[in-house]
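Take a look at the letters that make up each chain.
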Amino acid sequence: MPRDTGFPTADAENDFLRMRRRQVLSRLGAWLRREPDDVNIMLPFEEVVAALGRVGERRLGLQVVRLDSIIGSVDRTRDFDRRFRPTSGTSRQRWERLALAQRRGESTPPIDVFRVGDLHFVVDGHHRVSVAHALGLTTIDAYVTEIVTRVSAAGIRYRGDLIVKDYRRIFLDRVPLDGEARAAVNLTDGWDYAELSEAVEAWGYRLMQDERVFLDRATVARRWYEEEFVPVVTMVRQAGLITTQTEAEAYLWVICERYRLIRSHTWNDEVLTSLRARV
């Protein structure tokens, strides 16, 4: 807890002013560093869930939640920044009243949060979270409702990350990979998921033409991963064509270059030689 002067009211006022100064300085620092606009913006719950694809929810009851895992809000996205520092003096009286109660050792009710992966979004209790940060606490009591999503929330830091997650969710609708295959195919550019979807569907179409049989999306996805993706990635890795890219990014690059250079969907030494010359 910040230094206690022995005057709880004055200390609560100073707590608020300190948090406001930090918020202003953080915003100024982000502007000077030319960071993206979403660096200090609280993540909106609805946008996150929409990007990940909501499956269901379950109540987990009262739990102890780490404050640094609370990074978003269900409806109060403008009153606080990403670290729950007040963005204006509008709610100062309420904030200071809660801070005063905390400093006097009075009990405050648990907050309500939604959990998505390891992230938490405040339903009720924004001011209590802000005060807890100001007083140097690391945890807070919360009633938790877990939201189950189709795509993992891992890797989400800023609002811009939701674009990649949204494209990945759509990709998995079109190419329903499971298990190890699902985890192995990752791209850093959201639009690449759209291009990879087209490539997998085209591969599946050629496969059905060759075998003269209809295959559902799940079957095409499984066979593409086993018969195309894994063997191609293995060849490309042996040829030294994977550097800093993910395997899926390397795969997407080589199939595009293969067709552009050789107008072929096959793999042979000539293809690899031509591709190696392009690196």
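Summarised in this report is the structure supplied together with it. As the structure is a computational prediction, the values presented were derived from the model and not from experiment. (Residues numbered from 1 in each chain as written. Predicted model: local features only at pLDDT ≥ 70, side-chain atom pairs only at ≥ 80, totals over all residues. Heavy atoms only, no water.)

1. So, the nonpolar core
The condition that has to hold: Note on terminology: a nonpolar core comprises buried Ala, Val, Leu, Ile, Met, Phe, Trp, Tyr and Cys residues joined through side-chain atoms within 4.5 Å. Burial classes: relative accessible area under 20% of the type maximum marks a residue as buried, over 50% as exposed, and values in between as partly exposed (1.4 Å probe, protein chains only).
Within the largest apolar cluster, 43 residues are counted, with the highest numbers of intra-cluster contacts made by Leu177, Val185, Leu196 and Trp224. Judged by nonpolar contacts, the second largest core, of 23 residues, contains Phe16, Met19, Val65 and Val113.

2. Some thoughts on helix H5 (residues 161-174)
Applicable threshold: Comment: elements are numbered from the N terminus, with helices defined as DSSP H or I runs of at least four residues and strands as E runs of at least two. A helix's residues, less one, multiplied by 1.5 Å, set its expected span.
Across its 14 residues, H5 extends 21 Å between first and last C-alpha, which sits within 8% of the 20 Å expected from 1.5 Å per residue. Within the span of H5, buried status applies to Leu162, Lys165, Arg168, Arg169, Phe171 and Leu172.

3. Points about the sheet that holds strand S2 (residues 54-66)
Note the following rule: The rule for pairing is simple: two strands pair if DSSP sees at least two bridges between them. It only takes one pair of heavy atoms within 4.5 Å for two residues to be counted as in contact. Note on geometry: axes are C-alpha line fits, over the in-contact stretch for helices, and angles between N-to-C directions span 0 to 180 degrees.
Pairing is mixed across the open sheet formed by 6 strands, whose spatial order is S1-S3-S5-S4-S6-S2. The open sheet is flanked by strand S1 (43-44) and S2, the only strands paired with a single partner. Its contacts with the sheet place helix H4 (residues 126-134) against strand S3 (70-73), strand S4 (111-116), strand S5 (119-124) and strand S6 (139-149), and it is angled at close to 125° to S5.

4. Remarks on the packing of aromatic side chains
The condition is simple: Centre distance within 6.5 Å is the pairing criterion for rings of Phe, Tyr and Trp, where only the six-membered ring of Trp is used; planes under 30 degrees apart are then read as stacked, over 60 as edge-to-face, and the remainder as tilted.
Tallying each qualifying case throughout the model produces 10 aromatic pairs. Here the aromatic rings of tryptophan 224 and phenylalanine 229 are separated by 5.2 Å at their centres, their planes lie at 40°, and the arrangement is tilted. Connected via pairs of aromatic rings, a cluster forms that spans Trp224, Tyr225, Phe229 and Tyr251.

5. Points about the pattern of salt bridges
Where charged atoms from two side chains of opposite charge approach closely, those side chains can pair. Note the threshold: In what follows, salt bridge is the name for a side-chain nitrogen of Lys or Arg lying within 4 Å of a carboxyl oxygen of Asp or Glu.
Counted according to the given criterion, the structure contains 17 salt bridges. For aspartate 124, the salt bridge identified is with arginine 128, shortest N-O distance 2.8 Å. A single salt-bridge network, built from bridges that share partners, covers Arg174, Glu198, Glu201 and Arg217.

6. Describing the packing of helix H2 (residues 45-52) against H5
As a reminder of what qualifies: Any residue outside Ala, Val, Leu, Ile, Met, Phe, Trp, Tyr, Cys, Pro, Asp, Glu, Lys and Arg is labelled polar, Gly included; the first ten of those are nonpolar and the last four are charged.
Put simply, H2 and H5 touch, their axes get as near as 7 Å, and they point 30° apart. In this structure, H2 contributes Glu47, Val48, Ala50, Ala51 and Leu52 to the contact, and H5 contributes Leu162, Lys165, Asp166 and Arg169. The residue inventory of the contact of H2 with H5, partitioned by class, reads 5 nonpolar, no polar and 4 charged.

7. Examining the layout of surface pockets
Heads up, the rule is: Here a cavity is any set of points on a 1 Å grid over the protein atoms alone where a 1.4 Å probe fits but cannot get out, and a pocket is any open set with protein on both sides within 12 Å along at least 5 of 7 lines; a residue lines the site when it has an atom within 4 Å of a point. Grid points are joined across faces, edges and corners, and a volume is the space filled by probe spheres set on the points.
Here the second largest pocket is characterised by a volume of approximately 290 Å³. As for the second largest pocket, its lining consists of 15 residues, of which Ala154, Val164, Lys165, Arg168 and Asn186 are closest to the centre. The biggest single contributor to the lining of the second largest pocket is H5, with 5 residues.

8. So, the pairing of S5
As defined by bridge partners, S3 adjoins S5 across 3 bridges and the pair is classed as parallel. Within S5, the residue paired with glycine 72 across the bridge is phenylalanine 121. The pairing of S4 with S5 spans 5 bridges and is antiparallel. Paired with aspartate 112 across the two strands is aspartate 124, which belongs to S5. Here S4 folds back onto S5 in antiparallel fashion, the turn holding 2 residues, of which glycine 117 has a positive phi close to 65°.

9. Details of the environment of tyrosine 143
Relative to the assigned elements, tyrosine 143 resides in strand S6. Spatially, the C-alpha atoms of tyrosine 143 and glutamine 63 are 6.2 Å apart, while their sequence positions differ by 80 residues. Each residue touching tyrosine 143, except ones within four places of it in the same chain, is listed here: Gly61, Leu62, Pro110, Ile111, Asp112 and Val113.

10. What to know about the packing of helix H3 (residues 92-103) against H4
Selection criterion: In this scheme, roughly parallel covers angles under 35 degrees and roughly antiparallel covers those over 145, while 65 to 115 is roughly perpendicular and the rest are oblique. Left-handed describes a crossing whose near helix is turned anticlockwise from the far helix by less than a right angle; the clockwise case is right-handed.
As a packed pair, H3 and H4 sit with axes 9 Å apart at the nearest point and diverge in direction by 55°. Judged by the angle between their axes, H3 and H4 are oblique. Considering the relative orientation of H3 and H4, their crossing is right-handed. Along the contact surface, H3 presents Arg94, Trp95, Leu98, Ala99 and Gln102, while H4 presents His127, Arg128, Ser130, Val131 and Ala134. Taken together, the residues that form the contact of H3 with H4 break down as 5 nonpolar, 3 polar and 2 charged.

11. Details of unusual backbone geometry
Despite not being glycine, phenylalanine 84 shows a phi value in the positive range, around 60°. Note on placement: phenylalanine 84 falls in the loop between S3 and H3. According to the relative accessible area criterion, phenylalanine 84 is buried, its value standing at 0%. Phi at arginine 212 takes a positive value of approximately 55°, unusual for a residue other than glycine. For arginine 212, a relative accessible area of 79% gives the class exposed.

All we've got here are geometric facts, nothing functional implied.
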